[in-house]
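# Tertiary structure, described
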Amino acid sequence: MEYMNHSTRSHLRELEAESIFVLREVAAQFERPALLFSGGKDSIVMTWLALKAFYPARLPFPLVHIDTGHNFPETIHYRDALVEQTGARLIVGSVQDSIDRGRVVEEKGFHASRNMLQTVTLLDTIAQHGLDCCMGGARRDEEKARAKERFFSHRDEFGQWDPRNQRPELWNLFNGRKHMGEHFRVFPLSNWTEMDIWQYILLEGIEMPSLYFTHEREVFCRDGVWLAALPCIPRRDSESVEVHRVRCRTIGDITCTGLTLSEANSLEDIICEIAATRVTERGGRADDKRSESAMEDRKKEGYF
């Protein structure tokens, strides 16, 4: 950590203070908030910040995981260990249960994914538990639709987001007023970047899932993206399986999570790799490639 200068540390502490302020505002303004936990680096950092914000008390809200049924095992192991370690309450919404109940129809074909099906499961989970605010780990630098989000993002009674009708947030004043049936999505990490996240993880010594570090895995290449060779992803005859050293930059449903060829096996290596790369963090996410407005369309429907 010797290479992390005073300016970088000061910048990270400012981001930390801002996020903790937002987390405390959520606890003050809402009756039944929750923290959306995917097992990815952003939700892990957000959980860490929440633990600091309310220490020595336990988290005043549950963690909510929308389980697609197509998760990397490492993600589930990390989630369960974190819950046991922190004593947090965990709510799991199951996409498979939504399929079984006829709430959604599973996609078919080579590009099938359960990622888009999460929206219905999330909205059902919010309604079932009466949640009036869900905090997510989205950052404005990730994707152009997410760059439009405020810290406090209002959702109507159908869970939908209107990017043209957002509330001003002047002088860090957040308006959480809502009508019956409406709720908010709040994004405490809005002003962070991917580099900020990893530098903060290094600064705080946060334990991370092994998926983020280089490891050998059977993969195949589709449209220039390396995907895990697993039964839940059907392959064409022309898509051959190879063994490579890879890691995840972002973690989601297995079917749409691209893997990065990498030799980064430490936090310092990851930071150096990110500093040198010219590929965006979500450049390997197949769900973002369905259309130019894929993310914004999903957000309008109630996605994270």
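Fair warning: this is a prediction, and the values are worked out from it, not measured in the lab. (Residues numbered from 1 in each chain as written. Predicted model: local features only at pLDDT ≥ 70, side-chain atom pairs only at ≥ 80, totals over all residues. Heavy atoms only, no water.)

Here we come to the nonpolar core. As a rule of thumb, nonpolar side chains are buried together in soluble globular proteins. Counting 63 residues, the largest nonpolar core has Val 45, Met 135, Phe 152 and Trp 198 as its most contacted members. Among the elements that take part in this core, helix 2 (residues 41-54) stands out by supplying 7 residues, more than any other. Looking at which domains feed residues into this core, each of domain 1 (2-197 + 293-301) and domain 2 (211-288) supplies at least three. Excluding its chain neighbours within four sequence positions, the residues that come into contact with Phe 152 are Val 22, Glu 25, Val 26, Gln 29, Phe 30, Glu 169, Phe 174, Asn 175, Gly 176, Phe 184, Arg 185 and Val 186. (Core = buried A, V, L, I, M, F, W, Y, C linked by side-chain atoms within 4.5 Å. Buried < 20%, exposed > 50% of the residue type's maximum accessible area, 1.4 Å probe, protein only. Helix = DSSP H or I, 4+ residues; strand = E, 2+ residues; numbered from the N terminus. Domains from an automatic or database assignment. Contact = heavy atoms within 4.5 Å.)

Here we come to the pairing of strand 8 (residues 225-228). Going residue by residue along strand 8, you find Val 225 and Leu 227 tucked away on one face and Trp 226 and Ala 228 tucked away on the opposite face as well. Relative to strand 8, strand 7 (residues 215-222) runs antiparallel, the two sharing 4 bridges. Paired with Phe 220 across the bridge in strand 8 is Leu 227. Between strand 7 and the antiparallel strand that follows it, strand 8, lie 2 residues; Asp 223 among them carries a positive phi value of about 55°. (Pairing = 2+ DSSP bridges.)

Taken domain by domain, the protein chain comprises domain 1 (2-197 + 293-301) and domain 2 (211-288). The C-alpha centroid of domain 2 is placed 23 Å from the C-alpha centroid of domain 1. In this assembly, 27 residues from domain 1 lie in contact with 29 residues from domain 2. Buried surface at the junction of domain 1 and domain 2, summed over both partners, amounts to about 2400 Å²; 56% is from carbon and sulfur atoms. When the buried surface of domain 1 facing domain 2 is broken down by residue, Phe 72, Phe 110 and Glu 194 rank first, second and third, together holding 31% of it. (Buried area = accessible area lost by both parts, 1.4 Å probe.)

For the bond from Tyr 55 to Pro 56, the omega torsion is 10°, close enough to zero to count as cis. Relative to the helices and strands, Pro 56 is located in the loop between helix 2 and strand 2 (63-67). Here Asp 223, not a glycine, exhibits a phi torsion of approximately 55°, which is positive. Looking at the secondary structure, you find Asp 223 in the loop between strand 7 and strand 8.

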